[in-house]
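Okay, here's what each chain looks like letter by letter:
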Amino acid sequence: MVQKYDYDLFVIGAGSGGVRASRVAAQLGARVAVAEERYLGGTCVNVGCIPKKLLVYASEFSDAFADAAGFGWTIGASRFDWGALIANKDKEIARLNGVYERLLTTAGVTIIDGRATLLDAHTVAIGSERITARYILVAVGGWPAAPRIPGAELAISSNEAFHLHAMPERVIVVGGGYIGVEFAGIFRGLGAEVTLVHRGDLFLRGFDDDLRAALADEMRKRGVALRFNTLLERIEKRGAGVRATLTNGETIDAALVLLATGRRPNTHGLGLEAAGVKMDGAGAIVVDRHSRTSVENIFAVGDVTNRRNLTPVAIAEGRAAAETMFGKRAMAVDYENVPSAVFSHPPIATVGLTEMEARARFGAVDIYKSSFRPLKHTLSGRDERTLMKLVVEPKSERVLGCHMIGADAGEIIQGLAVALQCGATKRQFDATIGIHPTAAEEFVTMREKAASQ
Ligand code: NDP
């Protein structure tokens, strides 16, 4: 049989979403090619989640050393070697790049090294080559967006933060999202002087207000200087470093300014207009619940669609899109109860509705809260508090949201996300036996309502 197209599916971008879609489609019998211009595994593997978490681990050792004395340990002089950390991290990322390559080739997916652009709804160009496909999936992710201020070119984005040649001694982080908060904690934990500048009243917009306030307290205790309601006005070169001027009149000399002011869909120059794919005002590809674009045979998943910009969501979207294209029935991702964590110091994790969202949706809600000093810090002496919070719908008693700031928050909330997915009630939380002594047991022993109706 003569095939009408070179491939059944052509995927642009081998990040979390693109790789999952490629593999699922290939398993469903499709002939698949994926083009990647930069690095296999995309942002998450190369300049996101994975190297970030490795840096977070590195930054936590200073706490462990400081906390050890209360447990009888005498720790000798410690020294941190940034070069060693980055070299080890790079080695692990290279290994993961290889894992991704093997995952794709084992599944029978053709990997094409290069930048693909759309010429029409069924044709992509890679250099002078033309390739046709029945379906095209755009999974090109996002890219850091810098504010237009004088001297912005002197600053770096998170992309470069992973490849610095030396550990900066003084850092200014701009932006109060996941990336800004996480990097402020990383650099502080590794010993840098850190100032975090955020334009709003409080960082981490969209998270539960109690958690946001608690994290601000904890970061201040750790010596991170927080500047809220402040913008960066300009950056100038100053010796080997930079001088940043803030709108509050303050000037700060630093080795480094890290701009973490959000990311933009990577759609520029992709030929989407030529193919007739609609984008929104922010340049994100507009898709329906099956990740289908305005063009019937073109799909898009992950950060390029700017829905929930999280790796596991991109993976779920990639799978659903592949099933929709080649499986027995169309599949869609459920965006309710998507858990997420911020790997701050201490970490935050959350699933379901914040108190504010729940009040907006349900009117009256019951709130249960527990704030305590973790057992470990009774001996370490560290002044750190853990906060846990449940948001409950009074009539059905359904738990609408679980929120936590404290050690292992991500590990704990992942389990509770299953409970929320099952529609668990407060009564069922209460009927669950705790594991003692853990922090997590607090989630099943909160009896007193903090605020009602
Ligand atoms: P976010 O969109 O989360 O945060 C951007 C921050 O920059 C906000 O505080 C925003 O303020 C501020 N900001 C935006 N524009 C300007 C400007 N012009 N001047 C000053 N401040 C500005 O982006 P991030 O870069 O932190 O992260 C990108 C995405 O990556 C996140 O949305 C997240 O989905 C994902 N991510 C997830 C992680 C995780 O799961 N742990 C880790 C890292 C990233 P305001 O709130 O006022 O808009």
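Preceding this paragraph is the structure being described.
Residues numbered from 1 in each chain as written. Predicted model: local features only at pLDDT ≥ 70, side-chain atom pairs only at ≥ 80, totals over all residues. Heavy atoms only, no water.

**Student:** Can you break down the overall build of the protein residue by residue, with the values?
**Tutor:** A tally of helices and strands in the protein yields 13 helices and 22 strands. Over its C-alpha trace the protein gives a radius of gyration of 24 Å, about what one expects of a compact globule, namely 22 Å for 453 residues. Counting over 453 residues, the protein shows a buried share of 51%. For the protein, restricting intrachain contacts to residue pairs at least 6 apart in sequence, the fraction spanning at least 24 positions comes to 64%. Looking at the protein as shown, the accessible area adds up to about 21300 Å², and 52% of this sits on carbon and sulfur atoms. Measuring between centres, the 53 positive side-chain charges of the protein sit 2 Å from its 51 negative side-chain charges. (Helix = DSSP H or I, 4+ residues; strand = E, 2+ residues; numbered from the N terminus. Rg over C-alpha atoms; globule rule 2.2 N^0.38 Å. Buried < 20%, exposed > 50% of the residue type's maximum accessible area, 1.4 Å probe, protein only. Contact = heavy atoms within 4.5 Å. Areas by Shrake-Rupley, 256 points an atom, 1.4 Å probe, with all protein chains shown as cover. Lys, Arg positive; Asp, Glu negative; His and termini not counted. Charge placed at Lys NZ, Arg CZ, Asp CG, Glu CD.)

**Student:** Give me helix 4 (residues 82-106): which residues, what numbers.
**Tutor:** Taking 1.5 Å per residue as the helical rise, helix 4 with its 25 residues ought to reach 36 Å, and the 36 Å between its terminal C-alpha atoms agrees with that figure. Among all positions of helix 4, only Trp-82, Leu-85, Ile-86, Lys-89, Ile-93, Leu-96, Gly-98, Tyr-100 and Leu-104 are buried. Its side-chain oxygen placed 3.0 Å from the backbone nitrogen of Gly-83, Asp-81 serves as the N-cap of helix 4. Looking at the residues trailing helix 4, positive phi occurs at Gly-108, about 90°. (Expected span 1.5 Å × (residues − 1). Polar contact = N/O pair within 3.5 Å; in protein donor to acceptor, adjacent residues only side chain to side chain.)

**Student:** Break down the site of the ligand for me, citing the residues and quoting the values.
**Tutor:** Around the ligand lies a shell of 19 residues, among which Ile-179, Arg-199, Arg-205, Asn-309 and Ala-341 are the nearest. Within the backbone of Gly-177, one N or O atom sits 3.3 Å away from an oxygen atom of the ligand. At a separation of 2.9 Å, an oxygen atom of the ligand approaches a polar backbone atom of Ile-179. Relative to its unbound accessible area of 910 Å², the ligand is 76% covered by the protein chains. Per element, the largest residue contribution to the shell around the ligand is three residues, and it comes from helix 6 (residues 178-189). Across the shell around the ligand, the residue classes tally to seven nonpolar, seven polar and five charged. (Near = heavy atom within 4 Å. Nonpolar A, V, L, I, M, F, W, Y, C, P; charged D, E, K, R; others polar.)

**Student:** So what about the sheet that holds strand 8 (residues 170-174)? Which residues, and what values?
**Tutor:** Taken together, four strands build an open sheet; the order of strands is 10-9-8-14 and the sheet is parallel. Of all the strands in the sheet, the pair left with one neighbour each is strand 10 (225-227) and strand 14 (256-259). If you compare each strand with its neighbour and ignore which way they point, the axes differ by 20° on average. As paired strands, strand 8 and strand 14 are joined by four bridges and run parallel to one another. Its bridge partner being in strand 14, Val-173 is matched across the sheet by Leu-258. Packing against the sheet, helix 6 makes contact with strand 8, strand 9 (193-197) and strand 14, and its axis sits at approximately 165° to strand 9. (Pairing = 2+ DSSP bridges. Axes fitted to C-alpha atoms, helices over the stretch in contact; angles between N-to-C directions.)

**Student:** So what's going on with the layout of surface pockets? Which residues, and what values?
**Tutor:** Of the volumes computed, that of the second largest pocket is approximately 230 Å³. Along its surface, the second largest pocket is lined by 13 residues, and Ala-58, Phe-61, Arg-79, Phe-80 and Leu-190 are the ones closest to its centre. Counting only elements with at least two residues in the lining of the second largest pocket, the list comes to helix 3 (49-68) and helix 4. Looking at the lining of the second largest pocket residue by residue, the classes come out as seven nonpolar, four polar and two charged. (1 Å grid on protein atoms, 1.4 Å probe; cavity = no way out; pocket = protein on both sides within 12 Å on 5 of 7 lines; lining within 4 Å. Points joined across faces, edges and corners; volume = space filled by probe spheres on them.)

**Student:** Explain the sheet that holds strand 11 (residues 232-238) to me, and be specific about the residues and the numbers.
**Tutor:** Taken in spatial order, the three strands make up an open sheet running 11-12-13, and their pairing is antiparallel. Each edge of the open sheet carries a strand with a single partner, namely strand 11 and strand 13 (251-254). Neighbour-to-neighbour, the strand axes of this sheet turn through a mean angle of 20°, independent of strand direction. Both strand 12 (residues 241-246) and strand 13 contribute to a ladder of four bridges, which runs antiparallel.

**Student:** Go over the packing of helix 3 against helix 6, please, and point to the residues and values.
**Tutor:** Look at helix 3 against helix 6: their axes get within 8 Å of each other, and the N-to-C directions meet at 40°. Judged by the inter-axis angle, helix 3 sits oblique to helix 6. Considering the relative orientation of helix 3 and helix 6, their crossing is left-handed. Listed contacts from helix 6 to Lys-52, Leu-55, Val-56, Ser-59 and Ser-62 of helix 3 are Glu-182, Phe-183, Gly-185, Ile-186 and Gly-189. Broken down by class, the residue content of the contact of helix 3 with helix 6 amounts to four nonpolar, four polar and two charged. (Parallel < 35°, antiparallel > 145°, perpendicular 65-115°, else oblique. Left-handed = near helix turned anticlockwise from the far one by under 90°.)

**Student:** Before we move on, could you go through the pattern of salt bridges and cite the residues and values that matter?
**Tutor:** Taken as a whole and assessed by the stated rule, the structure comprises 32 salt bridges. The partner of Glu-37 in a salt bridge is Arg-38, with the nearest N and O atoms 3.6 Å apart. By relative accessible area, Glu-37 is classed as partly exposed at 37%. Ionic pairing is found between Arg-212 and Asp-209, a salt bridge with its closest N-O pair at 2.9 Å. Of the two residues, Arg-212 and Asp-209 are both situated in helix 7 (residues 209-221); the distance of three residues between them amounts to about one turn of the helix. In this structure Arg-212 comes out as buried when scored by relative accessible area, which is 12%. With relative accessibility at 34%, the residue Asp-209 sits in the partly exposed group. Counted as one network, the salt bridges with shared partners bring together Asp-208, Asp-210, Glu-355, Arg-359, Lys-369 and Lys-389. (Salt bridge = Lys/Arg side-chain N within 4 Å of Asp/Glu carboxyl O.)

Function-wise, these values are silent; they only describe arrangement.
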